[in-house]
Amino acid sequence: MTTAREAEFVSVVRSNPAVAEILRRAPQLGLPGWYLTAGGLFQTVWNHLADRDPQAGIRDYDFFYFDDSDLSYEAENEVIETAASLFADLGVDVEVRNEARVHLWYEQHFGSRIAPFESTEDAIDHFVSTTCCFGVTSDADGGDAVYAPHGFEDLFAGIVRPNPRVPMQHVYEAKAARWTTEWPNLTVLPWP
């Protein structure tokens, strides 16, 4: 059952033309467990709260899927190239990643090891801030499903909270510093 806050969230994120169009086109990719997630969603809400253009300050749109049938770079890259073609005219960077293979490169990129994710939802659960933990997927008929493990209250209150599941203080603090430069009305909670 959709709550009023969830309906508001969907309405706000769909007010961003890039979000709306990515969600409309994404089912064409036929990918398992896909979600549009992270900054393209929560930053659209922050823009709404600050009465800014829905796309202001958004660097990229994270698009996750989960396919553990082929963990090769080549298979993921083929999906990345297909998606790049599908979204090319949107004028935004859609960053596509197979969350089933993140553990293969994560340590080299972030300096710490992680266990393989079990699903796209599991990957969303591991963002450095709980404020980032959102995903929206849609079906061919345009129906939306939202994944929001920490709810919507912090998001709509402009609160950035560290995720205790991800012990990466330096990443949290770096992201929060960028976010408060772009959205100075945010309240960033300190690392515990």
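Residues numbered from 1 in each chain as written. Predicted model: local features only at pLDDT ≥ 70, side-chain atom pairs only at ≥ 80, totals over all residues. Heavy atoms only, no water.

### Observations regarding the overall build of the protein
We apply this condition: For helices the rule is a DSSP run of H or I covering at least 4 residues; for strands it is a run of E covering at least 2, with both sets numbered from the N terminus onward. Computation of the radius of gyration draws on C-alpha atoms, with the globule rule given as 2.2 Å multiplied by the number of residues to the power 0.38. Think of it in three bands: residues with accessible area under 20% of the maximum for their type are buried, residues over 50% are exposed, and the middle band is partly exposed, with areas taken using a 1.4 Å probe on protein chains only. Working rule for contacts: check all heavy atoms of both residues, and any pair within 4.5 Å makes them a contact. The Shrake-Rupley method, run with a 1.4 Å probe sphere, supplies the accessible areas, and residue values consider only the shown protein chains as cover. Lys and Arg are tallied as positive, Asp and Glu as negative. Neither His nor the chain termini are counted. Where a charge sits is defined by one atom per residue type, namely NZ (Lys), CZ (Arg), CG (Asp) or CD (Glu).
Helix and strand counts for the protein stand at eight helices and seven strands. For 192 residues, the compact-globule estimate of 2.2 N^0.38 gives 16 Å, and the C-alpha radius of gyration of the protein, at 16 Å, lies within 12% of that figure. For the protein, the C-alpha atoms occupy an extent of roughly 40 × 40 × 35 Å along the three principal directions. Within the protein, the proportion of its 192 residues that are buried is 45%. Within the protein, counting contacts between residues at least 6 apart in sequence, those at least 24 apart form 72% of the total. Just so you have it, the protein exposes about 9500 Å², and 50% of that area is on carbon and sulfur atoms. Positive and negative side-chain charges of the protein, numbering 13 and 30 respectively, have mean locations separated by a distance of 5 Å.

### What about the pattern of salt bridges?
Basically, it comes down to this: Salt bridge, as used here: a side-chain nitrogen of Lys or Arg that lies within 4 Å of a carboxyl oxygen of Asp or Glu.
Within the structure shown, the criterion is met by 11 salt bridges. Between Glu21 and Arg24 there is a salt bridge, and its shortest N-O distance comes to 2.5 Å. Highlighted residues: Glu21 and Arg24, both in helix H2 (residues 17-25), separated by three residues, approximately one helical turn. When its relative accessible area of 53% is taken as the criterion, Arg24 is described as exposed. Several salt bridges converge on common partners, so that one network encompasses Glu21, Arg24, Arg25 and Asp89.

### Thoughts on the environment of Ser119
Where we set the bar: Think of a polar contact as two N or O atoms within 3.5 Å of one another; within protein, one of them needs to be a possible hydrogen donor and the other a possible acceptor, and neighboring residues in sequence only count if both atoms come from side chains.
Within the secondary structure, Ser119 is located in the loop between helix H5 (106-110) and helix H6 (120-124). Along the sequence, Ser119 and Tyr65 sit 54 residues apart, while their C-alpha atoms lie 8.3 Å from each other. A polar contact of 3.0 Å, which involves the side chain of Ser119, links it to the backbone nitrogen of Asp122.

### Things to note about the packing of aromatic side chains
The line we're drawing: Here the aromatic set is Phe, Tyr and Trp, taking the six-membered ring for Trp, and pairing holds for ring centres within 6.5 Å; pairs whose planes are under 30 degrees apart are stacked, those over 60 apart are edge-to-face, and all others are tilted. For a lysine, the NZ atom is tested; for an arginine, the CZ atom; a charge sits over a ring if that atom is within 6 Å of the ring centre and within 35 degrees of the ring normal.
Counting across every chain of the model gives 13 aromatic pairs. Between the aromatic rings of Phe42 and Trp46, the centroid separation amounts to 4.9 Å while the plane-to-plane angle is 70°, which identifies the pairing as edge-to-face. Linking Phe42 with Trp46, this pair stays in helix H3 (residues 39-49), spanning four residues, or about one helical turn. For the pair formed by Phe42 and Trp46, the shared burial category is buried. Among the aromatic residues, ring-to-ring pairing joins Phe42, Trp46, Trp179 and Trp183 into one connected group. Here the guanidinium or amino end of Arg5 rests over the ring plane of Phe156, the centre of that ring lying 4.3 Å away.

### Topic: the side chain of Thr44
As for its placement among the helices and strands, Thr44 is situated in helix H3. There is a polar contact of 2.6 Å between the side chain of Thr44 and the backbone oxygen of Gly40. The residues touching Thr44, leaving out its near neighbours within four places in the chain, are Val12, Val13, Ser15, Asn16, Val19, Gly39, Pro54 and Ile58.

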